[in-house]
Amino acid sequence: MILFPAVDIKGGQAVRLRRGRADDSTVFSDDPVAAALQWQGQGAKFLHLVDLDGAFEGVSPNTDLVRRICEALSIPVQLGGGIRDEETAHRWLDAGVARLIIGTLALEDPARFAALCHACPGRIGVSLDAENGRLKTRGWVGDTPYTVDDVVPRLAEDGAAFLVYTDIERDGMQTGVNVPALTHLAQTSKVPVIAAGGISTGEDIAHFMELGAAGVQMGSIFVTTQECDASETFKEVYIHSKSEDVLIIESPVGMPGRAIDGEFIHNVNSGLERPKSCSFHCIKTCDYTKSPYCIIKALYNAAKGNMKKGYAFAGSNAFLAEKISSVKEVMSTLEREFFLATHKLA
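Computed from a predicted model, the values in this text were never measured in an experiment.

Some details on the overall build of the chain
And then number 1: Counting its secondary structure elements, the chain contains 13 helices and 14 strands.
And then number 2: Long-range contacts, defined as pairs at least 24 residues apart, comprise 66% of the intrachain contacts of the chain with a sequence gap of at least 6.
And then number 3: Accessible surface, the chain as shown: approximately 15,600 Å² in total, 50% of it carbon and sulfur.

Section: the state of the cysteines
And then number 1: Summed over the entire model, instances satisfying the criterion amount to zero disulfides.
And then number 2: Looking at Cys117, it has no disulfide partner, and the nearest cysteine sulfur is the one in Cys120, 8.4 Å off.

Notes on the environment of Ile248
And then number 1: If you trace the backbone, Ile248 turns up in strand S13 (residues 246-250).
And then number 2: With relative accessibility at 54%, the residue Ile248 sits in the exposed group.
And then number 3: Between the C-alpha atom of Ile248 and that of Ala259, which follows or precedes it by eleven residues, the distance is 6.5 Å.

Considerations on helix H6 (residues 110-119)
Each turn of an α-helix holds 3.6 residues, which means side chains three or four residues apart point in the same direction.
And then number 1: The complete set of buried residues in H6 reads Phe113, Ala114, Leu116 and Cys117. For H6, the buried positions fall inside an angular range of 160° around the axis, keeping them on one side. Opposite its buried face, H6 presents the exposed residues Ala111 and His118, each directed more than 90 degrees away.
And then number 2: Turning to H6, the residues buried within the fold contact helix H4 (86-94), strand S6 (99-102), helix H5 (104-108), strand S7 (124-131) and helix H7 (148-158).

Considering the pattern of salt bridges
And then number 1: Scanning the model with the defined rule gives five salt bridges in all.
And then number 2: We note a salt bridge from Asp64 to Arg67, for which the minimum N-O separation is 3.0 Å. One end of the pair is Asp64 and the other is Arg67, both in helix H3 (residues 63-72) and three residues apart, which spans about a single turn.
And then number 3: Judged by its relative accessible area of 28%, Arg67 falls in the partly exposed class.

Looking at the packing of H6 against H7
And then number 1: Remark: H6 packs on H7, axes separated minimally by 9 Å, with the N-to-C direction vectors making an angle of 40°. What the angle tells us is that H6 and H7 run oblique. In this structure, H6 uses Pro110, Phe113, Ala114, Cys117 and His118 to contact H7, whose residues at the interface are Arg154, Leu155 and Asp158.
And then number 2: Residue classes in the contact of H6 with H7 are distributed as five nonpolar, one polar and two charged.

Some points on the environment of Ala186
And then number 1: Relative to the assigned elements, Ala186 resides in helix H8 (residues 179-188).
And then number 2: The exposure class assigned to Ala186 is buried, which follows from its relative accessible area of 12%.
And then number 3: Along the backbone, Ala186 and Glu210 are 24 residues apart, and their C-alpha atoms lie at a distance of 9.6 Å.
And then number 4: Contacts of Ala186, omitting those with residues within four sequence positions, involve Val193, Leu211, Gly212 and Ala213.

Notes on the pairing of S7
And then number 1: Within S7, eight of the eight residues are buried, which leaves it mostly tucked inside the rest of the structure.
And then number 2: Of the two faces of S7, the one lined by Ile124, Val126, Leu128 and Ala130 and the one lined by Gly125, Ser127, Asp129 and Glu131 are each fully buried.
And then number 3: In this sheet, S7 lies alongside S6 in parallel orientation, the contact comprising three bridges. The partner of Ile101 across the bridge, within S7, is Gly125.
And then number 4: Judged from the three bridges that link them, S7 and strand S8 (residues 134-137) form a sheet pairing that is antiparallel. Note on S8: the bridge partner recorded for Asp129 is Lys136.
And then number 5: The hairpin turn running from S7 into S8, its antiparallel successor, is two residues long, and Asn132 in that turn takes a positive phi close to 55°.

Cut-off values and rules
- Residues numbered from 1 in each chain as written.
- Predicted model: local features only at pLDDT ≥ 70, side-chain atom pairs only at ≥ 80, totals over all residues.
- Heavy atoms only, no water.
- Helix = DSSP H or I, 4+ residues; strand = E, 2+ residues; numbered from the N terminus.
- Contact = heavy atoms within 4.5 Å.
- Areas by Shrake-Rupley, 256 points an atom, 1.4 Å probe, with all protein chains shown as cover.
- Disulfide = S-S within 2.5 Å.
- Buried < 20%, exposed > 50% of the residue type's maximum accessible area, 1.4 Å probe, protein only.
- Arc of directions from axis to C-beta.
- Salt bridge = Lys/Arg side-chain N within 4 Å of Asp/Glu carboxyl O.
- Axes fitted to C-alpha atoms, helices over the stretch in contact; angles between N-to-C directions.
- Parallel < 35°, antiparallel > 145°, perpendicular 65-115°, else oblique.
- Nonpolar A, V, L, I, M, F, W, Y, C, P; charged D, E, K, R; others polar.
- Pairing = 2+ DSSP bridges.

Structure follows, in structure tokens:
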């Protein structure tokens, strides 16, 4: 079994997006190098980096940061996000990245993708991100007419070394994997498949390994760990929540998400958090004159523990968190669940 800890980088920080929305993220660490070293110290054999700046903007300011991560680690690093030409790909490889995950280029420019695979054999994988059965590109904001079945045979012929499949509706939500979609892909793909998005138990891991997945990527399950840089107060919100506290709310740009109920959400519903001005202008689609609150301030305050002026985004099973534990303890639980599930399957 290969477990790929995932570190998402945005603005030089380690963050977590909700449903792939650039405007909907929580900062979990101001030091991605330290976060990467923590994963290695916990026994990780591989690290997965997502360059969100590259994915959403097409240009990345994170080359030096990624180089420092690669130099600090003794384990290999794979990276995805915004790799849409050969020059960018070779820049990451020169920075020390062991292998790359391509998304947009593989779907929009098959000839250049094939040339890249041939130039870097065994080092190029493909990220297939689906929403409602259709594949997305450009950081999950670009639509395509393609399904997985439309593109997988061609990607294998072009030289893709592996596939990473994410169901966007599940990612960051911890609502469980999309069983039919991942089952079909694992059973039909001629190259290894890594499952990502909504995987939260060792039983999930065992199930998809049994179906043929080569590995999994996990992120949200580690929010309530000691190593997560979110404040203790933020984590306690998870731990003390009940199932009825997990609500569907609208962000200032109209996208739905799950959050844990609290004083700030009540004030938003009462119209008490409407911004009077905007100093950030961080989201083009956000009109502060119509927004119920400032999402940047809300997310920052929550990460720092000021829950009166922020709220905790969460998956539907956030209320199942019972304590703040170490990554090692979480890993031990996953291993135990995996062991029991594999023996049950046998």
